[in-house]
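This is what each chain is made of:
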Amino acid sequence: MRLLVTGGAGFIGSNFVHHVLAHSDHTVTVLDKLTYAASREALTGLPVELVVGDVADAEVVDDQVARADAVVHFAAESHNDNSLTDPSPFIRTNLLGTFAILEAVRKHDVRLHHVSTDEVYGDLALDDPMRFTEDTPYAPSSPYSASKAGSDHLVRAWVRSFGVRATVSNCSNNYGPWQHIEKFIPRQITNVIDGIRPKVYGDGLNVRDWIHADDHSSAVLRILEAGRVGETYLIGADGEKNNLEVVRMVLELMGQPADAFDQVTDRAGHDRRYAIESGKLRAELGWAPQFEDFEAGLADTIAWYQAHEEWWRPHKSATEATYALKGQ
Ligand code: DAU
């Protein structure tokens, strides 16, 4: 298939492009706006066409979709903290961008896979025995997660009303190389490299369900190739950990005392816990994660940031200055 990968120069999108080229015969065109969170370098040396453009620009999207057999739609503004400061890019990219994609795949009858997040389900209490399933009601908390929830609803409506051939996936927190240093894990790794104490929001007991980005990619490819049109699949690797556990692991792997971090101002509306039940994806499509040892994956990720300082260094001081304004 000729795949159009939106957001293919971002952290998860570029990982998917690498995965597709290594594990299939599909060809790839990337449509990416190259925002602050994207990097051309993540695609260096790959046989892909990079179209620099805005996913909310209906004309650009229509041109590209017309030439594709399938669209994998990663393009999104993704950082909760930024959505609390200025929600407008989230509304444009996540809602209007998905609308533009849907109208184009409808017009050209192109298969679509829409990539989304577990945050659409809101959060769980720490002691809740339940995990999110495909049937959990939507209850997003932040402007970011509300915009992603809205985009999921648009996709479902276009499937039902117009017969668009689409699938949806909702994944938990990704980690791995090429993740922007505003995110929790790379922020703390690069802080330690710089001799800055890691910053944990609030009491640090918030739980995230960590999955390596390569496992997310293999799941998306599997759904694209074998998923049932109109279905939603949750993607997760049973990786629940609270933020204190993660930051202590980062510190220890980097040769620092496990308690050498600061607790700072909490995020407004901070979701308490995410947890994914991915039984449908595993049973129906035979998918399984390969990176089950979180500590080993984290050690590799630390080594990657240590070896790629030239990539993240130009963004470090501005990222930290933005956090400092909020006491974080
Ligand atoms: O669950 C999937 C979601 O995971 C994706 O939809 C989002 O695009 C992605 O950003 C991520 O959302 P989170 O808000 O969970 O990720 P973040 O890396 O911002 O934060 C992870 C946890 O760490 C969260 O509980 C907030 C906390 N945190 C974050 C930062 C940046 C800290 O304690 N300190 C920090 O400096």
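As the structure is a computational prediction, the values presented were derived from the model and not from experiment.

Peer 1: I tried to follow the environment of Ala226 on my own but got confused; where do I start?
Peer 2: Mapped onto the elements of the fold, Ala226 is located in helix 7 (residues 213–226). Exposure remark for Ala226: the relative accessible area of 31% places this residue in the partly exposed category. Distance from Ala226 to Gly286, taken between C-alpha atoms, is 9.9 Å for residues 60 residues apart in sequence.

Peer 1: Teacher, can you tell me more about the site of the ligand here?
Peer 2: Near the ligand lie 25 residues; those nearest to it are Thr117, Asp118, Tyr144, Arg187 and Arg267. Note that an oxygen atom of the ligand is positioned 2.8 Å from one of the side-chain N or O atoms of Asn173. Within the side chain of Arg267, an N or O atom sits 2.6 Å from an oxygen atom of the ligand. Alone, the ligand offers 690 Å² of accessible surface; in the complex the protein occludes 95% of this.

Peer 1: How do you make sense of the sheet that holds strand 3 (residues 49–52) when you look at a structure like this?
Peer 2: Two pairing modes exist for strands in a sheet, parallel and antiparallel, and in both the strands are linked by backbone hydrogen bonds. Taken in spatial order, the 7 strands of this open sheet run 3-2-1-4-5-6-11, and their pairing is parallel. Sheet topology places strand 3 and strand 11 (232–235) at the edges, where each strand pairs with a single neighbour. Neighbouring strand axes in the sheet, compared pairwise and without regard to direction, differ in orientation by 20° on average. Here strand 6 (residues 166–171) runs beside strand 11; their pairing, made up of 4 bridges, is parallel. Bridge pairing in strand 11 links Cys171 to Ile235. Lying on the sheet, helix 4 (residues 88–108) is in contact with strand 1 (2–6), strand 4 (70–73) and strand 5 (111–117); it crosses strand 4 at an angle near 170°.

Peer 1: Looking at this model, I keep getting lost on the packing of helix 10 (residues 294–307) against helix 11 (residues 309–325). Mind explaining?
Peer 2: Between two packed helices, both the angle of their axes relative to each other and the distance between the axes serve to describe the pair. In contact at an axis separation of 6 Å, helix 10 and helix 11 are set at 75° when each is read in the N-to-C sense. Taken together, the axes of helix 10 and helix 11 lie roughly perpendicular to each other. When helix 10 is examined against helix 11, the residues Trp304, Tyr305, Gln306 and Ala307 are found in contact with a partner set consisting of Glu309, Glu310, Trp311 and Trp312. Among the residues forming the contact of helix 10 with helix 11, the class breakdown is 5 nonpolar, 1 polar and 2 charged.

Peer 1: I would appreciate a short explanation of helix 2 (residues 58–66) in the present structure.
Peer 2: At 3.6 residues per turn, the α-helix brings residues three or four places apart onto the same side. Looking only at helix 2, the buried set comprises Val61, Asp62, Gln64 and Val65. Tucked into the core, helix 2 has its buried residues touching strand 1, strand 2 (27–32), strand 3, strand 4 and helix 4.

Peer 1: Teacher, can you tell me more about the environment of Phe11 here?
Peer 2: Tracing the backbone shows Phe11 in helix 1 (residues 11–23). Placed 137 residues apart in sequence, Phe11 and Lys148 show a C-alpha to C-alpha distance of 17 Å. In this structure, Phe11 is in contact with Asn174, Tyr175, Gly176, Pro177, Trp178, Gln179 and Ala213, ignoring residues within four places of it in sequence.

Peer 1: I would appreciate a short explanation of the nonpolar core in the present structure.
Peer 2: Across soluble globular proteins, nonpolar side chains have a tendency to be buried as a group. Phe16, Ile235 and Leu281 are the most contacted members of the largest nonpolar core, which totals 28 residues. Broken down by secondary-structure element, the contributors of at least two residues to this core are strand 1, helix 1, strand 2, strand 4, helix 7, strand 11 and helix 9 (279–285). A per-element tally of this core places helix 7 first, with 5 residues. Ile185, Val200, Met254 and Ala260 belong to the second largest nonpolar core, which has 24 residues in total.

Peer 1: I would appreciate a short explanation of the packing of aromatic side chains in the present structure.
Peer 2: For any two aromatic rings, the description comes down to two numbers: the centre-to-centre distance and the angle of the planes. Evaluation of the coordinates by the stated rule reveals 14 aromatic pairs. A centroid spacing of 6.0 Å and a plane angle of 85° characterise the contact between Phe99 and Trp158, whose relative ring orientation is edge-to-face. Here Phe99, found in helix 4, pairs with Trp158, found in helix 5 (residues 143–162); they are 59 residues apart in sequence, far enough to count as distant. Judged by its relative accessible area of 37%, Phe99 falls in the partly exposed class. Taking the relative accessible area as the measure of exposure, Trp158 reaches 13% and is therefore buried. With 5.3 Å between their ring centres and 40° between their planes, Tyr121 and Phe132 make a pair best called tilted. Of this pair, Tyr121 sits in the loop between strand 5 and helix 5 while Phe132 sits in the loop between strand 5 and helix 5, and the two are 11 residues apart along the sequence. With respect to burial, Tyr121 and Phe132 carry one shared label: buried.

Parameters and conventions
- Residues numbered from 1 in each chain as written.
- Predicted model: local features only at pLDDT ≥ 70, side-chain atom pairs only at ≥ 80, totals over all residues.
- Heavy atoms only, no water.
- Helix = DSSP H or I, 4+ residues; strand = E, 2+ residues; numbered from the N terminus.
- Buried < 20%, exposed > 50% of the residue type's maximum accessible area, 1.4 Å probe, protein only.
- Near = heavy atom within 4 Å.
- Polar contact = N/O pair within 3.5 Å; in protein donor to acceptor, adjacent residues only side chain to side chain.
- Areas by Shrake-Rupley, 256 points an atom, 1.4 Å probe, with all protein chains shown as cover.
- Pairing = 2+ DSSP bridges.
- Axes fitted to C-alpha atoms, helices over the stretch in contact; angles between N-to-C directions.
- Contact = heavy atoms within 4.5 Å.
- Parallel < 35°, antiparallel > 145°, perpendicular 65-115°, else oblique.
- Nonpolar A, V, L, I, M, F, W, Y, C, P; charged D, E, K, R; others polar.
- Core = buried A, V, L, I, M, F, W, Y, C linked by side-chain atoms within 4.5 Å.
- Phe/Tyr/Trp six-rings, centres within 6.5 Å; stacked < 30°, edge-to-face > 60°.

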